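Spelled out from the first residue to the last, the chains are:
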Amino acid sequence: MKFTLSWLKDHLDTTASLDEITEGLVGVGLEVEEVSDSTKALAPFKVGYVIEAVKHPNADKLRLCRVETEGGEIQVVCGAPNARTGIKGIIALPGAFIPGTKITLEKGVIRGSESQGMLCSERELLISDEHNGIIEVDEKWPVGTPAVVALGLDDPMIYVKVTPNRPDALGIHGIARDLAAKGLGTLKPYDAAPVKGGFASPITVSLDFGGDNAPCPLFVGRYIRGVKNGPSPEWLKRRLKAIGLRPISALVDITNYMTFTYNRPLHVFDAAKVKGNIHARMAKDGETILALDGKSYTLTSAMTVIADDAEAEGIAGIMGGEASGCSEGTADVFLEAAYFDPLRTAATGRKLGITSDARYRFERGVDPAFTAIGAEIATRMILDLCGGEASDLVIAGKAPDMARSFTLRSSRVKSLGGVDVPLTEQKRILEALGFGVTETAAGLSCAVPSWRPDVNGEADLVEEVCRIIGLDTIPEAPMERANPVAKPVLNPLQKRMLAARRTLAARGFNEAVTWSFLPHFQAELFGGGQEALRLANPISSELSDMRPSLLPNLITAAGRNMARGFGDLQLCEVGHAYAGDRPQDETLRAGGIRRGDAVPRNWLGGARPVDAFDAKADALAVLEAAGAPVATVQVVSGAPAWYHPGRSGTIQMGPKNQLAHFGEIHPRILAALDVKGPLVAFEVVLNAIPGSKAKSATRAALNASGLMPLTRDFAFVVDDAVEADKLVKAAKGADKALISDAAVFDVFRLEGGKTSLALEVTLSPREKTLTDAEIDAVSSRIVEMVKKATGATLRS
């Protein structure tokens, strides 16, 4: 929401400074995003008079100008085509900083002629991008007048961010009301006196919804004949330009002025182009309209339109149609002021992809009780600026009943807001904000004004009092503890989340934070896409589904990085994924992707691309950090369909408790996401990790043996289908007290579907040195256990 200081003062009688007003805006909950005050930046620039402009003796496109300034006459070399004798422009003298070029002006010599200043263009003063000529100002301004005064830039522009629950603050009058309640001035009343009609309107209005007028409960219109639609007066143009709007014509500018001043969007039809009467109705499926933005839109039966007897003339609450738009030759107009359903307006705007000031306000909720008043104020402006004669108002429907009252108990502000405000001050604040307040035995009975749809209970009344008093006045107070003994702040799942993040960062990953949504086709690729996970109101058509996995967003992020030349990537994310719409279907996961080379090319050898074992190591590291018993987990082949079937695996604690998946992403998936491989990934389900049964989560102290460990090597011949992990687990299980580790150190493919797997088994005696007989006995048990578990035989 943008406005100028003078615009605000039209509605707020105040002597407060700009700084006091901006501080007050923040105090009442309106975040000040920007304050644009050109006074300081343009202070060195003044009005100058060109006494004479002649051709430069050494350049065809330059002119020598004798310029009168407040300090005397100077010579300026100027290349602007409109530099001529007798005009007044904006002069900058040596030492002035030029904001548009970011240079400090100095005297110079151009083609042999001294230049002692500069006649400025709009771009050099950051007024606009216009630079084809110098600025010309009205002759009424004396030499030496500050540029900001002559150009109408001495009015600071304030930009505040308005939260969706405060539609009343989308009008300058509503902002002035808040500041008046804050004590920064007095709210000026608007003139709501009806304009007496001189004739009956030849155009009538009707609500054609079959009895249910919810899409448009109220429509107010007025015919005004004999208007002259010329340019707006300078004061109106300047205000619209200051907030970034382009002045078009007096009629259009009046509707824009009403939108920003009173949060009351309006529309004017060229009455000569209206066929018959005006009707608010539902659109027909396939009906089209050419809107004022020059685009054609196809409508559906769920959308509301304003139509004449022949066709749709406007998209209700969003944008008017070009066919009945006003032009310079417009002589008779029909003024529209209506109230449209916020939800339907929002849905229509999203469906058609139209963003407009009217839609922005209607979908948040304008004041329905102000509809007829707004029509009267706009009528008065049209008559003042364009002339003409107004008809009687024509009204269809009635404003929806927004009346509601709530009681604010006298002690509730202190108990809920934490600040002690006298009851008389509470009453003053609420009355200043427009509430109808009556004192009762229970406290204050407060009738909510029609422009405050966000107030729906006593807590909201407390909030109103507190924000005007100032949240900074609430004293700090520690929260009382029910139990003086501090309890752990983090639950086990939160601890796993932090441990996973730290571990992945230590392994070289860059953490990403991606949307919890993704396109429907991506959701289907990763096991999602169910109707229960479709968003009813997506923020974008490309973010239509809840994500079933962390991986698709990470993979597409890798693709974007690759497109910018970053091929070797390690990205991770810890976040939620969704298998359904029930609470138990939401799981916290840690996922990551590696793409490119795991080891870059170096003097010891060539580069090594990432593979499934890199992803497996990442998954096991996360599981160990999160407290999973990695020594007893099972690593089995097979993973979800988005992994390569022969280069992936699952880490589990039994078939029904899968902790993680890892492996190379299937080429089909990468092709669908337009990402080049190789790319490996893993995803750990932190919820699936069993809780620790120990009373303390502290890691046990190292129980090292005082005796030297020894190793023994075994080479087993097994079927190709046997997983190496089964051999390792079987070997470890031969003597859990004595065998501290077992690992594969060699793989050799044999003929006939057989493979030779070599294991190194580490024995760690604790009580005494092992004899040869004891070592042989353990070795025999290892061979026996491996043979029993896998059918393997010792290689001869």
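Data block above holds the structure.
Sequence order as written defines the numbering, with residues in each chain counted from 1. Local features in a predicted model are, by the rule used here, given only for residues with pLDDT of at least 70; side-chain atom pairs are given and counted only at 80 or more, and totals for whole chains, interfaces and linings are based on all residues. Hydrogens are left out, water is left out, and the side-chain values use all remaining heavy atoms of the structure.

1. Re the overall build of the protein
For clarity, the threshold we go by: Secondary structure elements follow DSSP: runs of H or I of four or more residues count as helices, runs of E of two or more count as strands, with numbering from the N terminus. Computation of the radius of gyration draws on C-alpha atoms, with the globule rule given as 2.2 Å multiplied by the number of residues to the power 0.38. Exposure is judged per residue with a 1.4 Å probe applied to protein chains only, and the accessible area is read against the type maximum: over 50% gives exposed, under 20% gives buried, and values in between give partly exposed. Note that accessible areas follow from Shrake-Rupley with a 1.4 Å probe, and for residues the cover is restricted to the protein chains shown. His is not counted here, nor are the chain ends, while Lys and Arg score as positive and Asp and Glu score as negative. By convention, charge coordinates are those of NZ in Lys, CZ in Arg, CG in Asp, or CD in Glu.
Counting its secondary structure elements, the protein contains 20 helices and 44 strands. For the protein, the C-alpha radius of gyration of 38 Å lies well beyond 28 Å, the compact-globule estimate for 796 residues. With the C-alpha coordinates aligned to their principal axes, the bounding extent of the protein is approximately 120 × 85 × 60 Å. Burial analysis of the protein (796 residues in total) assigns 47% to the buried set. Of the accessible surface of the protein, which amounts to about 39,600 Å², a share of 52% is contributed by carbon and sulfur atoms. Mean positive and mean negative side-chain charge positions of the protein (89 and 98 charges, respectively) differ by 5 Å.

2. Section: the packing of aromatic side chains
Formally: Each Phe, Tyr or Trp ring (for Trp, its six-membered ring) is paired with any other whose centre lies within 6.5 Å, and the angle between the two planes then decides the class: stacked below 30 degrees, edge-to-face above 60, tilted in between. A positively charged side chain is recorded as over a ring if its NZ (Lys) or CZ (Arg) lies within 6 Å of the ring centre. The angle to the ring normal must also be within 35 degrees.
Tallied over the full model, the rule gives 12 aromatic pairs. Pairing Trp7 with Tyr257 gives two aromatic rings, centres 5.4 Å apart and planes at 10 degrees, and the pair type is stacked. In this pair, Trp7 is assigned in helix α1 (residues 5-9) and Tyr257 in helix α7 (residues 250-262), connecting sequence segments 250 residues apart. Ring centres 5.2 Å apart and planes at 70 degrees place the aromatic pair Phe340 and Phe362 in the edge-to-face group. Of the two residues, Phe340 is situated in the loop between β24 (333-339) and α8 (342-352) and Phe362 in helix α9 (residues 357-362); the sequence distance between them amounts to 22 residues. Across the pair, Phe362 and Phe340 agree in class, each one buried. These aromatic residues form a ring-pair network of at least three members: Trp7, Trp235 and Tyr257. Directly above the aromatic system of Tyr159 lies the positively charged group of Lys2, at a separation of 5.3 Å from the ring centroid.

3. Description of the pattern of salt bridges
Keep this limit in mind: By definition here, a salt bridge exists when the distance from a side-chain nitrogen of Lys or Arg to a carboxyl oxygen of Asp or Glu is within 4 Å.
Tallying each qualifying case throughout the model produces 41 salt bridges. A salt bridge links Lys55 to Asp60; the nearest nitrogen and oxygen atoms lie 3.4 Å apart. Accessibility expressed as a relative area gives 47% for Lys55, which makes it partly exposed. When its relative accessible area of 68% is taken as the criterion, Asp60 is described as exposed. With its nearest N and O atoms 3.1 Å apart, the salt bridge here joins Arg608 to Asp614. Via salt bridges that share partners, Arg166, Asp168, Asp178, Arg452, Asp454, Glu464 and Arg467 belong to a single interconnected network.

4. Description of the environment of Ala721
Tracing the backbone through its elements, the reader meets Ala721 in the loop between β41 (710-719) and α19 (724-732). Here the alpha-carbon distance between Ala721 and Gly753, two residues 32 residues apart in the chain, equals 8.4 Å.

5. Quick look at the sheet that holds strand β39 (residues 658-665)
Our working rule: For two strands to pair, DSSP has to find at least two bridges joining them. By definition, residues are in contact when any of their heavy atoms lie within 4.5 Å. Axis lines are fitted through C-alpha atoms, for helices just across the contact stretch, and the angle between N-to-C directions can take any value from 0 to 180 degrees.
In spatial order, the strands read β30-β33-β34-β40-β39-β38-β37; together these 7 strands make up an open sheet with mixed pairing. The sheet is open, and its two edges are formed by β30 (510-511) and β37 (634-637), each paired on a single side. Inspection of the sheet shows β39 paired to strand β40 (residues 679-685) by 5 bridges, in the antiparallel sense. Residue Ala660 lies in a different strand from β40, and its bridge partner there is Val684. Packing against the sheet, helix α17 (residues 612-625) makes contact with β34 (586-595), β37, β38 (643-652), β39 and β40, and its axis sits at approximately 20 degrees to β40.

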